[in-house]
Amino acid sequence: MATIFPPEQEQIIELDVRTDEMLVSMGPQHPSTHGVLRLVLRTDGEVVSEVTPHLGYLHRCAEKIGENVTPIQFIPYTDRMDYLAGMNMNLGYSLAVEKLCGLTDKIPEKAQVIRVLVCELNRIASHLVGIGAYGLDLGTFSPFLYAFREREMILDLFEEVCGARLTYSYVTIGGVHDDLPEGWVERCSKFLDWFEPRLEEYHTLLTRNSIFIKRTAGIGVLPKDMAIAYGCTGPMLRGSLNREKGDPPWDLRKIEPYCGYDQYEFEVPLPPFAETPVEAVIGDAWHRFYVRMKEMEQSARIVRQALRKYETAKGSHRIEPPRHLPPGEAYVETECPRGQMGFYVVGRPTKESVPLRVRARSSSFCNLSVTHEICRGCLIADVPAIVGSIDIVMGEVDR
Amino acid sequence: MGGAEIIAILVEKFGPRIQQTKPDAIDPYVVVDAGDLVDVCRFLRDDPRLQFDMLNCITGVDYCEPDPAKAPKAGFEPHLEVVYHLSSFVKRHRFVVKVLLPRWKDNVPGQLPEVPTVTSIWPAANWHERETYDLVGVYFVGHPDLRRILLAEDWEGHPLRKDYVFPLEYHGIRGR
């Protein structure tokens with residue numbers, strides 16, 4: 001009988017079907033990398049053995065610019081770092097400059113209340129994008145549309161306050177740029193009346209969605225010690241903590257209150273949760289997602305209190321900051337939607353208006369640095385689910 | 001724990017190896033020699049009174065006035081600082097450690113000054129050190145993977161140096 005292949009070639013064909021290691025480049029133009037992140041995956045069949053993130057596609061030299069402009073001129077650049085939470089970025093830099101100038105205790109109450117108001121609204125807006133886009137990564141489209149519907153209302157409120165929808169530059173050194181417009185408080189509380197019941201709808205769409213649970217529960221598990229060692233903060237860290245084991249509610253708004261956050265009543269959601277599905281373990285993608293959901297509830301609670309406080313708040317919305325930066329250096333971290341955002345400002349010894357050095361410690365940058373640890377050994381299809389649960393904004397990572 | 005107490009513990013343990021202390025600064029800090037950095041950091045992390053288990057930030061600051069007319073009045077000698085911002089998850093306090101370096105190793109322009117890596121103490125240092133190397137130009141000895149992180153691999157120079165000259169073009173892309 002004639003054979004098509006001689007025996008030695010048959011052997012080669014047999015060897016060819018074994019799975020080979022393969023390098024797959026995911027991004028920078030990939031819908032589920034949330035911007036221009038490039039991940040190089042070393043895969044063996046469907047299993048990822050190594051992930052190497054490559055950054056820098058959105059690097060805009062923010063720190064170099066910060067050395068060449070006055071602090072007030074730098075505020076618009078901070079907007080463009082984490083462009084989903086511009087208010088929180090403005091606040092972080094303003095607090096750093098105020099700390100350097102010794103203004104921290106002199107900010108009037110009214111300015112503090114407005115700052116808390118807009119920052120918490122912005123946190124809601126940012127988390128809405130976070131969870132909406134996360135659903136999109138996992139293949140469910142409708143939560144994204146609903147999330148953007150609510151976010152749109154917040155952006156409308158911001159537009160009334162400062163004229164911009166994304167890059168606000170509203171919180172500034174010494175307070176906020178303008179007082180709230182007339183009737184804004186009523187419109188804001190009307191929005192909250194609309195928003196709070198909607199959260200329950202998201203829970204039905206995502207939290208209790210069995211496909212969503214299957215995609216997120218038990219994957220990308222980040223142990224607490226690793227989270228701390230890598231400097232992970234925000235929902236990323238809180239999703240790995242365990243209230244029952246006595247972990248502190250690690251939220252800077254609670255443990256190092258700024259802007260008078262100690263006068264507000266709110267909780268820091270920490271696992272274990274009553275709603276946790278059986279498949280989920282603490283520190284996995286599902287917990288990170290759920291922490292964000294719970295934080296929106298608390299933010300809405302803070303906004304309600306701030307609206308009440310605003311009616312009686314004393315003082316002006318802004319004080320005049322000094323024209324020159326004193327020598328010295330100050331480092332301030334604030335709790336942004338994605339974690340602790342730090343700003344480090346060094347003043348020149350000659351008292352100039354331009355700082356010697358501006359450093360932005362980006363929360364997404366640190367959160368992303370743990371990717372290679374939590375993606376090791378997962379499936380290719382889980383990589384978007386894990387990276388999405390980190391909720392990065394590349395503008396902040398690359399600055 | 002306040003900055004002054006942390007400084008007292010460090011001075012008690014390391015004595016003259018702590019080169020400078022500044023308990024009255026906005027963020028109290030100590031200055032150590034590059035050679036002592038790893039020992040001091042390990043102590044800061046492992047001592048039960050301190051427990052600095054989180055490295056928040058590593059910053060390189062270039063103290064230099066490129067304009068020779070302004071240099072005498074700048075108020076500082078040209079040097080480089082690497083600043084480590086630490087915090088403790090358990091103890092809830094913060095602290096700052098600094099290392100002072102010459103701008104160039106052996107005063108040869110282009111030779112990067114060297115600091116030992118703290119990656120073995122805090123894995124978070126890995127990316128921060130890469131960024132500091134990339135933008136400020138500090139060589140971290142012993143770093144497992146010291147590559148540029150934000151800029152392109154073939155980029156020349158370290159942009160956050162004060163005397164950095166902006167390139168006019170990059171691969172045929174005109175800069176200005």
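None of the values given here were measured: they were computed from a predicted structure.

**Structural notes on the overall build of chain A**
At step 1: Helix and strand content of chain A: 16 helices and eight strands.
At step 2: Computed over C-alpha atoms, the radius of gyration of chain A comes to 23 Å, within 12% of the 21 Å expected from 2.2 N^0.38 for 399 residues, which places it in the range of a compact globule.
At step 3: Principal-axis analysis of the C-alpha atoms gives chain A an extent of 100 × 50 × 40 Å.
At step 4: Among the 399 residues that make up chain A, the fraction classed as buried is 61%.
At step 5: Across chain A, every contact between residues at least 6 apart in sequence was considered, and the portion connecting residues at least 24 apart equals 72%.
At step 6: If you sum the accessible surface of chain A, you get close to 15,300 Å²; carbon and sulfur atoms cover 54% of it.
At step 7: For chain A, the centre of its 44 positive side-chain charges and the centre of its 55 negative side-chain charges are spaced 5 Å apart.

**Here's the deal with the layout of surface pockets**
At step 1: When its volume is computed, the largest pocket comes out at roughly 490 Å³.
At step 2: A:K99, A:E256, A:Y331, B:D27 and B:R94 are the residues nearest the centre of the largest pocket, which is lined by 24 residues in total.
At step 3: Of all the elements in the fold, those that place two or more residues in the lining of the largest pocket are helix 4 (86–101) and strand 6 (328–336) of chain A together with helix 1 (3–14), strand 4 (79–87) and strand 5 (94–101) of chain B.
At step 4: Along the lines of polarity and charge, the residues of the lining of the largest pocket split into 13 nonpolar, five polar and six charged.

**Thoughts on the environment of A:D382**
At step 1: Summarising the element assignment, A:D382 is placed in helix 15 (residues 382–390).
At step 2: A C-alpha to C-alpha distance of 21 Å links A:D382 and A:Y230, two positions 152 residues apart in sequence.

**A closer look at the packing of aromatic side chains**
All names here are of chain A.
At step 1: Tallied over the full model, the rule gives 24 aromatic pairs over all chains.
At step 2: Taken together, F74, Y77, Y93 and F343 form an aromatic cluster joined through their ring pairs.
At step 3: When the ring centre of F148 is taken as origin, the NZ or CZ atom of R151, which lies over that ring, is 5.2 Å away.
At step 4: The lysine or arginine in question, R399, covers the ring of F365, its NZ or CZ lying 5.2 Å from the ring centre.

**Considering the sheet that holds strand 5 of chain B**
Residues and elements named next belong to chain B.
At step 1: An order of 1-2-5-4-3 is seen for the five strands of this open sheet, with the pairing classed as mixed. Because the sheet does not close on itself, it has two edges, and the strands there are strand 1 (18–22) and strand 3 (54–63). In this sheet, neighbouring strand axes are inclined to one another by 20° on average, regardless of whether the strands run parallel or antiparallel.
At step 2: Alignment of strand 1 against strand 2 (residues 29–32), held across four bridges, turns out to be antiparallel. Within strand 2, the residue paired with T21 across the bridge is V30.
At step 3: Most of the contacts of helix 2 (residues 37–46) go to strand 5, to which it runs at about 175°, and overall it touches strand 1, strand 2, strand 4 and strand 5.

**Examining helix 6 (residues 142–162) of chain A**
Residues and elements named next belong to chain A.
At step 1: Taking 1.5 Å of rise per residue, the 21 residues of helix 6 would be expected to cover 30 Å, and the 30 Å separating its terminal C-alpha atoms lies within 8% of that figure.
At step 2: Tucked inside the fold, the buried residues of helix 6 contact helix 4, helix 5 (109–137) and helix 7 (184–207).
At step 3: One or two residues past the end of helix 6 sits G163, with phi positive at roughly 90°.

**A word on the pattern of salt bridges**
If the charged atoms of two oppositely charged side chains come close together, the side chains can form a pair.
All names here are of chain A.
At step 1: Counted under the stated rule, the structure contains 51 salt bridges over all chains.
At step 2: Note that R115 is salt-bridged to E98, the shortest N-O span being 2.7 Å. Here E98 lies in helix 4 and R115 lies in helix 5, a separation of 17 residues in the sequence.
At step 3: Looking at R115, the relative accessible area reads 0%, which means it is buried.
At step 4: Across the pair R376 and E373 runs a salt bridge whose closest N-O atoms are separated by 3.5 Å.
At step 5: Classification of E373 by relative accessible area gives partly exposed; the value is 24%.
At step 6: Sharing partners across several salt bridges, the network here consists of E120, R123, R238, D251, R253, E295 and E335.

**A word on empty space enclosed by the protein**
At step 1: With the rule as written, the count across this model stands at three cavities of 30 Å³ or more.
At step 2: Roughly 40 Å³ of volume is contained in the largest cavity.
At step 3: Contributing to the lining of the largest cavity are A:H59, A:C61, A:A62, A:E63, A:K64, B:L135, B:P159 and B:L160.
At step 4: Per-element tally for the lining of the largest cavity: the top contributor is helix 2 (residues 62–66) of chain A, with three residues.
At step 5: Partitioning the lining of the largest cavity into residue classes produces five nonpolar, one polar and two charged.

**A few points about the pairing of strand 7 (residues 339–347) of chain A**
Residues and elements named next belong to chain A.
At step 1: Strand 7 sits mainly inside the fold: nine of its nine residues count as buried.
At step 2: As judged from the nine bridges shared by strand 6 and strand 7, these two strands associate in the antiparallel manner. Bridge assignment links Y331 to a residue of strand 7, and that residue is Y344.
At step 3: Linking strand 6 to strand 7, which pair antiparallel, is a turn of two residues.

**Section: the sheet that holds strand 2 (residues 38–44) of chain A**
All names here are of chain A.
At step 1: Taken in spatial order, the three strands of this open sheet run 1-2-3, and their pairing is antiparallel. If you trace the sheet from one side to the other, it starts and ends with strand 1 (21–26) and strand 3 (47–54), each paired once. If you compare each strand with its neighbour and ignore which way they point, the axes differ by 20° on average.
At step 2: The strands that helix 15 touches are strand 1, strand 2 and strand 3; relative to strand 2, the one it contacts most, it runs at about 145°.

**Some remarks on the nonpolar core**
At step 1: Counting 164 residues, the largest nonpolar core has A:Y170, B:L10, B:L44 and B:Y84 as the members making the most contacts within it.
At step 2: The element best represented in this core is helix 12 (residues 285–312) of chain A, accounting for 13 residues.
At step 3: Sequence-distant contacts of A:Y170, defined by excluding residues within four places in its chain, comprise A:M87, A:N90, A:I114, A:V118, A:V161, A:C162, A:V176, A:H177, A:D178, A:D179 and A:L180.
At step 4: Counting residues in hydrophobic clusters, the runner-up holds 13 residues, among them A:Y331, A:V346, B:Y29 and B:V96.

**Remarks on the side chain of B:H85**
At step 1: For B:H85, the position within the fold is in strand 4.
At step 2: By relative accessible area, B:H85 is classed as buried at 3%.
At step 3: Look past the residues within four positions of B:H85 in its chain and what remains in contact with it is A:Y331, A:Y344, B:M54, B:L55, B:N56, B:C57, B:T59, B:F95 and B:V96.

**Thoughts on the interface of chain B and chain A**
At step 1: Between chain B and chain A, the contact holds 42 residues from the first and 47 residues from the second.
At step 2: Note on chain B versus chain A: buried area summed over both sides is about 3,800 Å², and carbon and sulfur give 61% of it.
At step 3: Of all residues in chain B, B:F89, B:W127 and B:L150 give up the largest surface area on contact with chain A, accounting jointly for 20% of the area buried on that side.
At step 4: There are eight salt bridges connecting chain B and chain A.
At step 5: In this structure, the connection of chain B to chain A is made through 17 residue pairs in polar contact (both at pLDDT 80 or more).
At step 6: Contributing elements (two or more residues each) for the side of chain B that touches chain A: strand 3, strand 4, strand 5 and helix 3 (125–135) of chain B.
At step 7: The leading source of residues in the side of chain B that touches chain A is strand 3 of chain B, at ten residues.
At step 8: Here the residues of the side of chain B that touches chain A are counted per class, giving 23 nonpolar, seven polar and twelve charged.

Criteria and cut-off values
- Residues numbered from 1 in each chain as written.
- Chains lettered and ligands numbered in written order.
- Predicted model: local features only at pLDDT ≥ 70, side-chain atom pairs only at ≥ 80, totals over all residues.
- Heavy atoms only, no water.
- Helix = DSSP H or I, 4+ residues; strand = E, 2+ residues; numbered from the N terminus.
- Rg over C-alpha atoms; globule rule 2.2 N^0.38 Å.
- Buried < 20%, exposed > 50% of the residue type's maximum accessible area, 1.4 Å probe, protein only.
- Contact = heavy atoms within 4.5 Å.
- Areas by Shrake-Rupley, 256 points an atom, 1.4 Å probe, with all protein chains shown as cover.
- Lys, Arg positive; Asp, Glu negative; His and termini not counted.
- Charge placed at Lys NZ, Arg CZ, Asp CG, Glu CD.
- 1 Å grid on protein atoms, 1.4 Å probe; cavity = no way out; pocket = protein on both sides within 12 Å on 5 of 7 lines; lining within 4 Å.
- Points joined across faces, edges and corners; volume = space filled by probe spheres on them.
- Nonpolar A, V, L, I, M, F, W, Y, C, P; charged D, E, K, R; others polar.
- Phe/Tyr/Trp six-rings, centres within 6.5 Å; stacked < 30°, edge-to-face > 60°.
- Lys NZ or Arg CZ within 6 Å of the ring centre and 35° of its normal.
- Pairing = 2+ DSSP bridges.
- Axes fitted to C-alpha atoms, helices over the stretch in contact; angles between N-to-C directions.
- Expected span 1.5 Å × (residues − 1).
- Salt bridge = Lys/Arg side-chain N within 4 Å of Asp/Glu carboxyl O.
- Core = buried A, V, L, I, M, F, W, Y, C linked by side-chain atoms within 4.5 Å.
- Buried area = accessible area lost by both parts, 1.4 Å probe.
- Polar contact = N/O pair within 3.5 Å; in protein donor to acceptor, adjacent residues only side chain to side chain.

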